[in-house]
Amino acid sequence: MKRKFAAAKAPLPKFRSDKEAAKYFGSHSVVQIWKQLPLAQKTKLSATLTESIRERHIQAKSPIALRLGSTQIAAAKRS
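Residues numbered from 1 in each chain as written. Predicted model: local features only at pLDDT ≥ 70, side-chain atom pairs only at ≥ 80, totals over all residues. Heavy atoms only, no water.

Chemist: Honestly, the overall build of the protein in this entry has me stumped. Any pointers?
Modeler: In terms of helices and strands, the protein carries four helices and zero strands. Along the protein, helices and strands appear, N-terminal first, in the series α-α-α-α. For the protein, the proportion of its 79 residues judged to be buried stands at 1%. In the structure as shown, the protein presents an accessible area of about 8400 Å², 60% of it carried by carbon and sulfur atoms. (Helix = DSSP H or I, 4+ residues; strand = E, 2+ residues; numbered from the N terminus. Buried < 20%, exposed > 50% of the residue type's maximum accessible area, 1.4 Å probe, protein only. Areas by Shrake-Rupley, 256 points an atom, 1.4 Å probe, with all protein chains shown as cover.)

This is the structure:
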């Protein structure tokens, strides 16, 4: 379901080039426009959807055993 969002009170200007847009965003903050957006409504998931998500999560992550050398383990921990 697509929902229309309320238009910001201060719409962005039309830019003739990427350079013009970069200059604008380099000197303007989006904080004021961000503050004008409506707060999102909390969504209550159905029990069926919650269970489906839980099952996919369980299936997607399975523990496995790997034999690695100490240097490989140290490298993985640094990453």
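Chemist: Honestly, the confidence of the model for the protein in this entry has me stumped. Any pointers?
Modeler: Do not read the fine detail of predicted coordinates wherever pLDDT is low. Looking at the protein, the pLDDT average stands at 84 and 87% of residues meet or exceed 70. Mean pLDDT values over the elements of the protein span from 76, in helix α2 (residues 31–36), up to 93, in helix α4 (residues 70–78). (pLDDT = per-residue confidence, 0-100.)

Chemist: Looking at this structure, how should I read the packing of aromatic side chains?
Modeler: How two aromatic rings sit relative to each other is given by the distance of their centres and the angle of their planes. Counted by the stated rule, this structure contains three aromatic pairs. Plain terms: the ring middles of Phe 15 and Phe 25 are 5.7 Å apart, the flat faces sit at 55 degrees to each other, and that makes the pair tilted. Taken together, the positions of Phe 15 in the segment before α1 (18–27) and Phe 25 in helix α1 put the pair 10 residues apart, joining distant regions of the chain. Overall, the relative accessible area of 28% leaves Phe 15 in the partly exposed class. For Phe 25, a relative accessible area of 38% puts it in the partly exposed group. A centroid spacing of 5.2 Å and a plane angle of 85 degrees characterise the contact between Tyr 24 and Phe 25, whose relative ring orientation is edge-to-face. Taken together through their ring pairs, the aromatic side chains of Phe 15, Tyr 24 and Phe 25 make up a single cluster. (Phe/Tyr/Trp six-rings, centres within 6.5 Å; stacked < 30°, edge-to-face > 60°.)

Chemist: Just checking my understanding: could you explain a nonpolar patch on the surface for this structure?
Modeler: Residues Ile 64, Leu 66, Leu 68 and Ile 73 make up a contiguous nonpolar surface patch of roughly 420 Å² in combined accessible area. By the secondary structure assignment, Leu 66 is in the loop between α3 (47–60) and α4. (Patch = residues over 30% accessible without salt bridge, like charges linked within 9 Å, V, L, I, M, F, W, Y side chains within 5 Å. Salt bridge = Lys/Arg side-chain N within 4 Å of Asp/Glu carboxyl O.)

Chemist: Is there a simple way to think about the pattern of salt bridges in this case?
Modeler: Opposite charge on two side chains lets them pair, provided their charged atoms get close. Scanning the entire structure with this criterion turns up two salt bridges. A salt bridge links Glu 20 to Arg 16, with the shortest nitrogen-to-oxygen separation between them at 3.3 Å. Judged by relative accessible area, Glu 20 falls into the partly exposed class, the value being 26%. In this structure, Glu 51 and Arg 54 form a salt bridge, with 3.2 Å as the shortest nitrogen-oxygen distance. Taken together, the positions of Glu 51 and Arg 54, both in helix α3 and three residues apart, correspond to about one turn of that helix.

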